[in-house]
Amino acid sequence: MSRLFVIIAALYIGTLGARSAGSLVGADLIVFNATITTQSLAIPRASALAVKRGRIYAVGSDADILGLKDNNTRLIDAHGRRLIPGLMDAHVHILNERNYNYEVKWEGVPTLKIALQMLSEQAKRTPQGQWVKVIGGWSPYQFAERRHPTLEELKKAVPDRPFIVQYAYNVAFLNEPAMKALGVGTDRFPKFAGTVFEKDSQGQYTGVVRANTFTLVTLESMVPQPSYEEQVNGLGYIINLENRFGVTSVIDAGAAQGYPDGHQPLQDLARQNRLNVRFPFIDLQFGGSSELVDAEINAITQRSPVSPRENLLPSVAHGHEYEGAGEMLRLSLHDHENFDRPAIVIDRDSMVQYIKEDVTKLVKRRIPFRMHLSYNENITPFLDALEQVNAQTPLDGLRWSIEHAETITPENIERVKRLGGGIALDGKMAMHGDAFVRTYSREKALRTPALRRLVESGIPLAMTSDGFRAGSINPWIAISWAVSGKSISGSEILATDNRLTREEALKLWTNGAAWFGDQENDTGKIEPGYLADFALLSADYFTVPEDQVKNISSVLTVVDGRVVFGNGDYSDLAPKLPEVIPAWSPVKYFGGYYNPK
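Residues numbered from 1 in each chain as written. Predicted model: local features only at pLDDT ≥ 70, side-chain atom pairs only at ≥ 80, totals over all residues. Heavy atoms only, no water.

A. Structural detail: the overall build of the chain. Per the secondary structure count, the chain includes 19 helices and 23 strands. Against the globule reference of 25 Å for 597 residues, the chain gives a C-alpha radius of gyration of 25 Å, in line with a compact fold. Judged by the C-alpha coordinates and their principal axes, the chain covers about 105 × 60 × 50 Å. Taking contacts inside the chain between residues at least 6 apart in sequence as the whole, the part at least 24 apart equals 75%. Put simply, the chain shows about 23,500 Å² of open surface, and 52% of that area lies on carbon and sulfur atoms. (Helix = DSSP H or I, 4+ residues; strand = E, 2+ residues; numbered from the N terminus. Rg over C-alpha atoms; globule rule 2.2 N^0.38 Å. Contact = heavy atoms within 4.5 Å. Areas by Shrake-Rupley, 256 points an atom, 1.4 Å probe, with all protein chains shown as cover.)

Below, the structure is given as structure tokens:
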């Protein structure tokens, strides 16, 4: 008995020695004095959390959690601020932002006057041989003037450099040097259906080009391109901007240059320890003579094998994870969302035939898929085809979703639910709802999308940005619209009974979005065992006036237990960014989102 006592005492003393060494016991990080939105039914209220090895391991009162610190614990006082789970943008196009450092960003700019001043400043520093560019992410309805710039205003701001100013996938404004370089009026200019060149009374091209997705994407590839080093640098700044808004995870929804080659900058950032968001991705392959799905299957089974849900960055959970094919499954089935024009309705027989062919191939290989469909007229035949596929080759729990789905009907919501799919709904109505009103009517806009019906259906549902072209990457603009019913112009475009509570809207960016990245048990809650991804907000989302929700950002963003962004009192906690390159980059002078001095 005495021998047993000696052994037990020795083990106990050894344990104390291990504790004093602090190797495994104390928390890595503790945030206290916070107002925490846990989104956990078991722990509805808390003021502090503790992190260990990238996961939350305790949530509770300040007194309880501070008892878990040791000499190596980093302590962060939240000063009473609201802390929320990190946001997930389940549909964004980060890898399409290769030209990021070459672009003037009008996102968040309050007036057209300021926007034109930015162009004028940039024109003076842009070197010979380069362009002045504004590409997507903004809306004329955000300006106090409520209009597009005129060509005369743009030419005055940029007198001696080619320029392109593009609004979503709707219209581009070009000056004469740009038209000459792009071959407007010649065979060099890309020929896609729906492209219209505006002409003046003398029959001369004015420089206004109204077009759809493929034309405007192609134009960007025809202008001077950044170096590889500039691309990697820009990608780091994009991710930092995501962190600024409290985004800790994204799903890249398909890039013009697909896996694996198009992901090399991402891998380089990861090696530099600067991939500060979790980065699941949907892949899109342009395979020359092959259809997109055939090219995708070849890419992931032959050229660079990867399995669905395989993490290519295993040191970080969901760090760089393959989530399947999409968002475009076939070029001819793309319904170009452009609220300035009526819907482009795809031939029903073509939709049914090709979706049956393409989706059957994916289902047999258990490859998840996502399909871009904005309009109910195209959603119906897509679901007709999917039901036929399911009857022959059961989906059997395979994850799939419709992206955007602005005008989906209640009947089709139920069909999606029966087939086990989800809907990644974007917030474009916040940016472009005023155009939708002009094209379709205010009455239809008030019910577009059917937000209340979608939430109450119980279907897997996320709200997304679809940035950086069609929408702003700022999630708080979409959240503001869903809660207040007002577009970025301040116009009421969502009926009172079709809006969401603040709790409901936030969930669409947290645990609702987690389904789309197969992360329901990892992200979206402040709960022990969940990944340590969270944001401390600049204002209390749950009490701030409705008209101020869109101005919320993060003052402290944590991913995988690491501080990746800090502002104000928390600036010194964040990793330092490298200098923006090239030296004349608009991002160096204006940033990626308007920040009033």
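Now, onward.
B. Local environment of the nonpolar core. Counting 126 residues, the largest nonpolar core has Trp-106, Leu-119, Phe-369, Phe-382, Trp-400, Trp-476 and Tyr-541 as the members making the most contacts within it. Tallying contributions element by element places helix α16 (residues 475-484) first for this core, with seven residues. Setting aside chain neighbours within four positions, we find Trp-400 in contact with Phe-369, Phe-382, Leu-383, Leu-386, Leu-395, Val-416, Leu-419, Gly-420, Gly-421, Gly-422 and Trp-515. (Core = buried A, V, L, I, M, F, W, Y, C linked by side-chain atoms within 4.5 Å. Buried < 20%, exposed > 50% of the residue type's maximum accessible area, 1.4 Å probe, protein only.)

C. Examining helix α7 (residues 228-244) more closely. When the terminal C-alpha atoms of α7 are compared, their 25 Å separation across 17 residues agrees well with the 24 Å that a helix rising 1.5 Å per residue should span. Of all 17 residues in α7, 15 are buried, a share of seventy percent or more. Looking one or two residues past α7, Gly-246 carries a phi angle of roughly 90°, positive in sign. (Expected span 1.5 Å × (residues − 1).)

D. Looking closely at the sheet that holds strand β9 (residues 132-135). One open sheet accounts for five strands, arranged β9-β10-β11-β13-β12; its pairing is mixed. Strands with a single pairing partner mark the edges of an open sheet, and in this sheet they are β9 and β12 (196-199). Each adjacent strand pair in this sheet contributes to an overall mean axis angle of 20°, direction not counted. Taken together, the four bridges between strand β10 (residues 163-167) and strand β11 (residues 171-174) define a ladder with antiparallel strand orientation. The residue bridging Tyr-167 from the neighbouring strand is Val-171, located in β11. (Pairing = 2+ DSSP bridges. Axes fitted to C-alpha atoms, helices over the stretch in contact; angles between N-to-C directions.)

E. Seen up close, unusual backbone geometry. With an omega of 0°, the peptide bond running from Tyr-259 to Pro-260 counts as cis. Of note, Pro-260 is situated in the loop between β14 (247-252) and α8 (264-271). Each neighbour pair has its own omega, and for Ile-581 with Pro-582 the value is 0°, a cis peptide bond. Here Pro-582 lies in the loop between β23 (562-566) and α19 (586-590). One non-glycine residue, Arg-366, lies in positive phi territory at about 60°.

F. Up close: the sheet that holds β23. In spatial order, the strands read β3-β2-β7-β21-β22-β23; together these six strands make up an open sheet with mixed pairing. The open sheet terminates on both sides in strands that have one partner only, identified here as β3 (45-46) and β23. As paired strands, strand β2 (residues 35-37) and strand β7 (residues 82-85) are joined by two bridges and run parallel to one another. Considered in β7, the bridge of Ile-36 is made with Leu-83. Against the sheet, α7 engages β22 (554-559) and β23, with an angle of about 85° to β23.

G. Highlighting the packing of helix α10 (residues 348-364) against helix α11 (residues 376-392). Look at α10 against α11: their axes get within 8 Å of each other, and the N-to-C directions meet at 45°. The angle between the axes of α10 and α11 places the two elements in the oblique class. Crossing hand, α10 versus α11: right-handed. Together, Arg-348, Met-351, Val-352, Ile-355, Lys-356, Val-359, Thr-360 and Val-363 of α10 and Asn-378, Pro-381, Phe-382, Asp-384, Ala-385, Leu-386, Gln-388 and Val-389 of α11 make up the contact between the two elements. In terms of residue class, the contact of α10 with α11 is made up of 10 nonpolar, three polar and three charged. (Parallel < 35°, antiparallel > 145°, perpendicular 65-115°, else oblique. Left-handed = near helix turned anticlockwise from the far one by under 90°. Nonpolar A, V, L, I, M, F, W, Y, C, P; charged D, E, K, R; others polar.)

H. Local environment of the packing of aromatic side chains. Enumeration according to the criterion identifies 19 aromatic pairs in this entry. Taken together, a centroid distance of 4.5 Å and an interplanar angle of 35° make the contact between Phe-436 and Tyr-440 tilted. Here Phe-436 pairs with Tyr-440, and both are found in helix α13 (residues 428-440), just four residues apart, close to one helical turn. Judged by its relative accessible area of 0%, Phe-436 is buried. Overall, Tyr-440 belongs to the partly exposed group, its relative accessible area being 23%. A connected cluster of aromatic rings, assembled from ring pairs, spans Trp-106, Trp-138, Phe-143 and Tyr-167. Against the face of Tyr-589 rests Arg-125, its NZ or CZ located 3.6 Å from the ring centre. Residue placement shows Arg-330 over the ring face of Tyr-354; its charged tip is 4.0 Å from the ring centre. (Phe/Tyr/Trp six-rings, centres within 6.5 Å; stacked < 30°, edge-to-face > 60°. Lys NZ or Arg CZ within 6 Å of the ring centre and 35° of its normal.)

I. Structural context of the pattern of salt bridges. Inspection of the entire model under this criterion finds 38 salt bridges. Salt-bridge contacts for Arg-348 lead to Asp-384; the nearest nitrogen and oxygen are separated by 3.0 Å. Of the two residues, Arg-348 sits in helix α10 while Asp-384 sits in helix α11, which places them 36 residues apart along the sequence. Classification of Asp-384 by relative accessible area gives buried; the value is 16%. Shared partners join several salt bridges into a network, and the residues in it are Glu-97, Glu-103, Lys-105, Glu-220 and Arg-469. (Salt bridge = Lys/Arg side-chain N within 4 Å of Asp/Glu carboxyl O.)

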